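A structural walkthrough
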Amino acid sequence: MNSPTIITVIYSFIFLLIPIQMRSQQLSQPEKKILKTIENNHQSAIQFLEKVVNINSGTMHFEGVKAVGMAFKEQFDKIDFETRWIDMPKEVNRAGHLFAEKKGSKGKKIVLIGHLDTVFEKDSPFQKFKIEGDIAYGPGVNDMKGGNVVVLYALKALQENNLLTDTQIVVAFTGDEESTGKPLAISRKDLIDVAKQSDIALGFETSTGFNYATVARRGSSGWELEVSGKRAHSSGIFNKQIGAGAIFEASRILHSFYNEVKGEEFLTFNPGVLLGGTDIEFDKEQNKGEAFGKSNVVAQTVVVKGGLRFISEEQKERARSKMRQIVKNNLPHTSAKISFNDSYPAMQPTAGNHDLLALLNKVSKDLDQGEVLAFDPGKRGAADTSFVADYVDCLDGLGTMGKGAHTPKETMDLSTFEALTKRTALLIFRLINQ
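It is worth spelling out the sheet that holds strand β10 (residues 268-277) at this point. Strand order in the open sheet made by the four strands is β10-β13-β9-β14, with antiparallel pairing throughout. With one partner strand each, in any of the chains shown, β10 and β14 (335-344) form the two edges of the open sheet. Neighbouring strand axes in the sheet, compared pairwise and without regard to direction, differ in orientation by 15° on average. Examined bridge by bridge, strand β9 (residues 219-228) and β14 share nine bridges and lie antiparallel to one another.

Here it is as structure tokens:
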């Protein structure tokens, strides 16, 4: 009576082993060696992360940004990458970038994108790395020094197993992603140049979840509205000689933007600061100022500064055209003008980007890490990957997981750090062997 039960147990045990054996067979021997190397180097990765997080690299702390760059440069030199620090000219007013490169002809030519700077400047009270359980705290630990370390230790594992011979890989760590230097034609020239010589760009900005990646990002543009009215005693407002005043005109324009421009998927625009009155002083660089006015005086000046987000250049231009038309239709005795400035282009959800996602999904499943899906581009900000999206297939959001980016409570999830490094290493390995 016990024999059927024993046989059933044996068959059940064999059945449970099959998926494990199948997953094992899906990984090649070199891939298994890569994973083992990452495991062996994991504590070293955490220690290096602590080192670079503890170096302040707020965007405008140029010495700190370069110091972080030099720390990474030393590590890339050790794994036989050719490294260079690219200083920015004085007019750009930023620290510079670190590029590390291997040259070859095998497989896909890849650019790996990160950034050295953080939003936490030298005078920020949030300066030190610490660990509590599986959570690491620190300025830029997740955005995005953690992602940079993923890149370094994935490549380190490949190099230590002699798997980068005759490959073309460029690591591009910019020094001003959090506040991009202008003009963009200079500050992003080196990044765009290497993209033009590559097939694929992988961005390591913060992950949006363990099982998501970014195939599209919205672009970012600024806009500024300047409105003038006729200064006069308020008792005469609305008459033929005085008209509506600058504040009513600005209100009309913003209300019309809301009603007539809003509505397209992924298109958003936001008036971030508004100053209006008899006299105003507005510092455009600092986005702050002072206004003076009285309730019995018709306002003569308004300034509004805002942002615009879009999924394509065509969508951006449609929105701008509508906004310009609204600005022209002025209330009596008022005038207005609007200007736009470009910041980040859009990274559109191309077929090539989705092919990369499919490859990443296969890697993740082979590692028993689950399916990887495309993240909603409406929930992501702009990033450096957008600058190269017209030249290569792109995938972003491959960095570390965490919470509270840009706040004094920024964290990184250490429990997923090693797994994401493994996923990255195998993705690169399969790309350079295609």
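Quick look at the nonpolar core now. Grouped together as the largest cluster of nonpolar side chains are 68 residues, with contacts concentrated most on Phe72, Phe76, Leu112, Leu155 and Leu202. Residue contributions to this core peak at 11 residues, all from helix α4 (residues 141-160). Apart from residues no more than four positions distant in its own chain, Leu155 is found in contact with Phe76, Ile79, Phe81, Leu112, Leu164, Ile169, Val171 and Ile428.

Take the side chain of Asn148 next. With respect to the secondary-structure elements, Asn148 resides in helix α4. Given the relative accessible area of 0%, Asn148 is considered buried. Beyond its immediate chain neighbours, meaning those up to four positions away, Asn148 contacts Phe72, Gly114, His115, Leu116 and Phe173.

Right, let's get into the layout of surface pockets. Computed from the structure, the largest pocket encloses a volume of approximately 1500 Å³. As for the largest pocket, its lining consists of 42 residues, of which Ser179, Lys182, Asn287, Lys305 and Ser343 are closest to the centre. Of all elements in the fold, only β9, β10, β13 (301-310) and β14 reach the threshold of two or more residues within the lining of the largest pocket. Residues of the lining of the largest pocket, tallied by class, amount to nine nonpolar, 19 polar and 14 charged. If you add up the space inside the second largest pocket, you get close to 190 Å³. Taken together, 14 residues make up the lining of the second largest pocket; nearest its centre are Glu313, Lys316, Tyr344, Pro345 and Ala346. When contributions to the lining of the second largest pocket are tallied by element, the ones reaching two or more residues are β9, α8 (313-328) and β14. Broken down by class, the residue content of the lining of the second largest pocket amounts to six nonpolar, four polar and four charged.

Before going further, it helps to spend a moment on the sheet that holds strand β7 (residues 200-203). Read from one edge of the open sheet, six strands run β1-β2-β6-β3-β7-β16, paired in mixed fashion. Of all strands in the sheet, those with a lone pairing partner are β1 (82-87) and β16 (393-395), marking the two edges. In this sheet, neighbouring strand axes are inclined to one another by 20° on average, regardless of whether the strands run parallel or antiparallel. Inspection of the sheet shows β1 paired to strand β2 (residues 96-102) by six bridges, in the antiparallel sense. Paired with Trp85 across the bridge in β2 is Leu98. In the packing of helix α3 (residues 62-78) onto the sheet, the strands contacted are β1, β2 and β6 (167-174), and the crossing angle to β1 comes to about 165°.

The subject of this paragraph is the confidence of the model for the protein chain. Chain-level pLDDT for the protein chain is 93 on average; 94% of the residues reach the 70-or-more range. A low-confidence stretch, residues 1-24 (pLDDT under 50), is modelled with four contacts involving residues beyond four sequence positions or located in other chains.

Take helix α10 (residues 417-432) next. Its 16 residues give α10 an end-to-end C-alpha distance of 23 Å, which sits within 8% of 22 Å, the value for a rise of 1.5 Å per residue. Counted residue by residue, α10 has 14 buried out of 16 residues, so it is predominantly covered.

Moving on, we come to the pattern of salt bridges. The final tally for this structure, using the stated rule, is 19 salt bridges. The closest approach of N and O atoms between Lys156 and Glu160, which form a salt bridge, is 3.1 Å. Placement of the pair is Lys156 and Glu160 together in helix α4, with a separation of four residues, close to one helical turn. Glu160 sits in the partly exposed class, given a relative accessible area of 40%. Notably, a salt bridge pairs Lys189 with Asp193, separated by 2.7 Å at the nearest N-O pair. Here Lys189 and its partner Asp193 are both found in helix α6 (residues 189-196), four residues apart, which amounts to about one turn of the helix.

Basis of the calculations
Residues numbered from 1 in each chain as written. Predicted model: local features only at pLDDT ≥ 70, side-chain atom pairs only at ≥ 80, totals over all residues. Heavy atoms only, no water. Pairing = 2+ DSSP bridges. Helix = DSSP H or I, 4+ residues; strand = E, 2+ residues; numbered from the N terminus. Axes fitted to C-alpha atoms, helices over the stretch in contact; angles between N-to-C directions. Core = buried A, V, L, I, M, F, W, Y, C linked by side-chain atoms within 4.5 Å. Buried < 20%, exposed > 50% of the residue type's maximum accessible area, 1.4 Å probe, protein only. Contact = heavy atoms within 4.5 Å. 1 Å grid on protein atoms, 1.4 Å probe; cavity = no way out; pocket = protein on both sides within 12 Å on 5 of 7 lines; lining within 4 Å. Points joined across faces, edges and corners; volume = space filled by probe spheres on them. Nonpolar A, V, L, I, M, F, W, Y, C, P; charged D, E, K, R; others polar. pLDDT = per-residue confidence, 0-100. Expected span 1.5 Å × (residues − 1). Salt bridge = Lys/Arg side-chain N within 4 Å of Asp/Glu carboxyl O.

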